[in-house]
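The residues making up each chain are set out below.
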Amino acid sequence: MTDKKITGWHTVVGMNIEEMPQAAKDAEERYGDILQLSHPEPKNHPRMSIEARAAQFAPFAALTGYENVIEDAVETVREDYSKR
């Protein structure tokens with residue numbers, strides 16, 4: 001068995017490529033009865049729209065304020081250029 005480690009979102013800690021097929025078989029044996037079931041729909045309230053879900057995370061956007069920084073930088077460059 002080689003030590004080729006799997007990288008990426010699908011990584012299973014400590015598992016190498018050769019172990020993946022057996023892990024898939026094990027998962028099928030353990031959870032095969034529920035793997036093909038559909039996701040349950042809520043009975044008490046409608047599902048939230050994708051837009052509403054995205055809005056929940058908007059305050060945590062990595063580039064919040066980025067546009068303002070760029071606008072300020074452009075203004076600074078324009079002022080410096082106009083002084084020449």
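Remember, predicted model here, so these are calculated numbers, not experimental data. (Residues numbered from 1 in each chain as written. Predicted model: local features only at pLDDT ≥ 70, side-chain atom pairs only at ≥ 80, totals over all residues. Heavy atoms only, no water.)

## Digging into the overall build of the chain
In terms of helices and strands, the chain carries 3 helices and 0 strands. When the helices and strands of the chain are listed from N to C terminus, the series reads α-α-α. Expressed as a percentage of the 84 residues in the chain, the buried residues total 4%. When the accessible surface of the chain is summed, it comes to about 8300 Å², and 58% of that surface belongs to carbon and sulfur atoms. (Helix = DSSP H or I, 4+ residues; strand = E, 2+ residues; numbered from the N terminus. Buried < 20%, exposed > 50% of the residue type's maximum accessible area, 1.4 Å probe, protein only. Areas by Shrake-Rupley, 256 points an atom, 1.4 Å probe, with all protein chains shown as cover.)

## With respect to the pattern of salt bridges
Applying the stated criterion across every chain, the model contains 1 salt bridge. In this structure, Arg47 and Glu41 form a salt bridge, with 2.9 Å as the shortest nitrogen-oxygen distance. For Arg47, a relative accessible area of 47% gives the class partly exposed. (Salt bridge = Lys/Arg side-chain N within 4 Å of Asp/Glu carboxyl O.)

## A look at the confidence of the model for the chain
Predicted coordinates in areas of low pLDDT are best not read in detail. Of all residues in the chain, 79% have pLDDT values of 70 or greater, and the mean over the chain is 79. Confidence scores differ between elements of the chain, with helix H2 (residues 50-57) showing the lowest mean pLDDT of 86 and helix H3 (residues 66-82) the highest of 89. (pLDDT = per-residue confidence, 0-100.)

## As for a negative patch on the surface
Where like charges cluster on the molecular surface, the negative patch consists of Glu67, Glu71, Asp72, Glu75, Glu79 and Asp80. Topologically, Glu67 is positioned in helix H3. Given the relative accessible area of 61%, Glu67 is considered exposed. (Patch = residues over 30% accessible without salt bridge, like charges linked within 9 Å, V, L, I, M, F, W, Y side chains within 5 Å. Lys, Arg positive; Asp, Glu negative; His and termini not counted. Charge placed at Lys NZ, Arg CZ, Asp CG, Glu CD.)

## A short note on a nonpolar patch on the surface
A cluster of nonpolar residues, Tyr31, Ile34, Leu35 and Leu37, forms a patch on the protein surface that exposes about 410 Å² of accessible area. A relative accessible area of 48% places Ile34 in the partly exposed class.

## A look at helix H1 (residues 20-35)
Along its 16 residues, H1 runs just 18 Å from first to last C-alpha, ending more than 12% under the 22 Å computed at 1.5 Å per residue. A maximum bend of about 55° is found in H1 at Glu29. (Expected span 1.5 Å × (residues − 1). Bend = angle between axes of the 7 residues up to and from the residue.)

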